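Close look at the chain arrangement
Here is what each chain is made of, one letter per residue.
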Amino acid sequence: MEKFTRLEQTAIPLDIENVDTDQIIPARFLKATNREGFGENLFRDWRFDENNKPISNFVLNKTNFTGPILVAGNNFGCGSSREHAAWALTDFGFKVVISSFFADIFKGNALNNGLLPVQVSDSQLQTIFEAIKEKPNRKFIVDLVGQYIEVPSIDLHIDFEINSYKKTCLVNGFDDIDYLIQNKHKIEEFERKRNA
C-alpha cells in the first residue's frame, strides 16, 4: 500500500446520509477479482443516467468540487460487507473519507486498503460541509501522525481516533502480511525462546 502520513488537499462534499455499499459500487460491477477498474463505476447510479450520460447535479460530476478527500453524511458504508466499496473509492482517487459514523465492516475494509476513515461529531461534520460549500477550493489538512484535521482558513482543528495497529500500517504502507514480515525476526526470536 501507499504510505499515508499527511495530506493537504481540497474535499468533495457528499451530503447524503446512509450511503450503503451498493450505492458506492453496485452489485452488477462485482465480477472482477482484482482491485483495479472499480473507480469508473463508483456511485454509478448517481453519477450516470440510463444512457451512461453524466448527471450534472451529482457532486462528483461538478467541476468546482475536486480532491482526494470525500466528506460524507452520517452512516457511510452501511449495508453489505463488500470490500469492493473501499476498492472503488481508492481506485477513483480518494485517500480519506470523513463522516460522523462509519459502518464497522466498511471501516475495517477501508483501513485494510489504504483508505483513511476519519470519524467526527455531527456538529463538526456540518461545519466541514459548510466550509466546503462556502469555498470549494478550501484546503484541508489531514495529519495521520498527529491524528487531527485542520482547516487553517477557518481556524478549525479536530482530533480523531484510530486503532494504533492500523495507524502503524497506514503510516508505513503495510498490509497485514507486510506488517508480519517486518516483524519476522521478533517472531523467530519468540519461537527460539519458546522451544528452548
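Just above sits the structure.
My aim in this report is to walk through the structure given alongside it, one point at a time. (Residues numbered from 1 in each chain as written. Predicted model: local features only at pLDDT ≥ 70, side-chain atom pairs only at ≥ 80, totals over all residues. Heavy atoms only, no water.)

What follows covers the sheet that holds strand E6 (residues 140-143). What the four strands build is an open sheet, ordered E1-E6-E7-E8; its pairing is antiparallel. Edge positions in the sheet fall to strand E1 (6-9) and strand E8 (156-159), since each of these pairs with one other strand and no more. With strand direction ignored, the average angle separating the axes of adjacent strands in the sheet is 10°. Summarising the sheet, E1 and E6 pair through four bridges and their orientation is antiparallel. Bridge pairing in E6 places Gln-9 opposite Phe-140. (Pairing = 2+ DSSP bridges. Helix = DSSP H or I, 4+ residues; strand = E, 2+ residues; numbered from the N terminus. Axes fitted to C-alpha atoms, helices over the stretch in contact; angles between N-to-C directions.)

Here we come to the side chain of Arg-44. Its place among the elements puts Arg-44 in helix H2 (residues 44-47). Within the buried set, Arg-44 has no salt-bridge partner at all; the shortest N-O distance to an opposite charge, 5.7 Å, is to Glu-40. For Arg-44, the contacting residues outside a window of four places in its chain are Gln-23, Pro-26, Arg-28, Phe-29 and Asn-52. (Buried < 20%, exposed > 50% of the residue type's maximum accessible area, 1.4 Å probe, protein only. Lys, Arg positive; Asp, Glu negative; His and termini not counted. Salt bridge = Lys/Arg side-chain N within 4 Å of Asp/Glu carboxyl O. Contact = heavy atoms within 4.5 Å.)

Per the stated rule, a full pass over the model turns up eight aromatic pairs. Both rings, one in Phe-43 and one in Trp-46, keep their centres 5.6 Å apart while their planes meet at 5°; by these two values the pair is stacked. Relative accessible area serves as the criterion here: at 23%, Trp-46 is assigned to the partly exposed category. Plain terms: the ring middles of Phe-76 and Phe-102 are 6.4 Å apart, the flat faces sit at 90° to each other, and that makes the pair edge-to-face. Of this pair, Phe-76 sits in the loop between strand E3 (69-72) and helix H3 (84-92) while Phe-102 is found in the loop between strand E4 (96-99) and helix H4 (104-112), placing the two residues 26 residues apart along the sequence. Pair check on accessibility: Phe-76 and Phe-102 agree, each one buried. The ring of Phe-48 carries Arg-44 above its face, with NZ or CZ at 4.3 Å from the centroid. (Phe/Tyr/Trp six-rings, centres within 6.5 Å; stacked < 30°, edge-to-face > 60°. Lys NZ or Arg CZ within 6 Å of the ring centre and 35° of its normal.)

Here we have four strands laid out as an open sheet, ordered E2-E3-E4-E5, and parallel in their pairing. Looking at which strands have only one partner, the edges of the open sheet turn out to be strand E2 (11-14) and strand E5 (116-119). Across the sheet, the axes of successive neighbouring strands diverge by a mean angle of 20°, strand direction being ignored. Pairing geometry for E4 and E5, over four bridges, is parallel. From the neighbouring strand, Val-96 faces E5, where its bridge partner is Leu-116.

Bringing the pattern of salt bridges into the picture now. A side chain with one charge can pair with a side chain of the opposite charge if their charged atoms come near. Applying the stated criterion across every chain yields a total of eight salt bridges. The closest approach of N and O atoms between Asp-15 and Lys-133, which form a salt bridge, is 2.9 Å. With Asp-15 in the loop between E2 and helix H1 (21-24) and Lys-133 in helix H5 (residues 122-134), the pair connects residues that are 118 residues apart, well separated along the chain. Taking the relative accessible area as the measure of exposure, Asp-15 reaches 38% and is therefore partly exposed. For the salt bridge of Arg-138 with Glu-134, the shortest nitrogen-to-oxygen distance reads 3.5 Å. Taking the relative accessible area as the measure of exposure, Glu-134 reaches 62% and is therefore exposed. Salt bridges sharing partners connect three or more residues here, namely Arg-6, Glu-8 and Asp-143.

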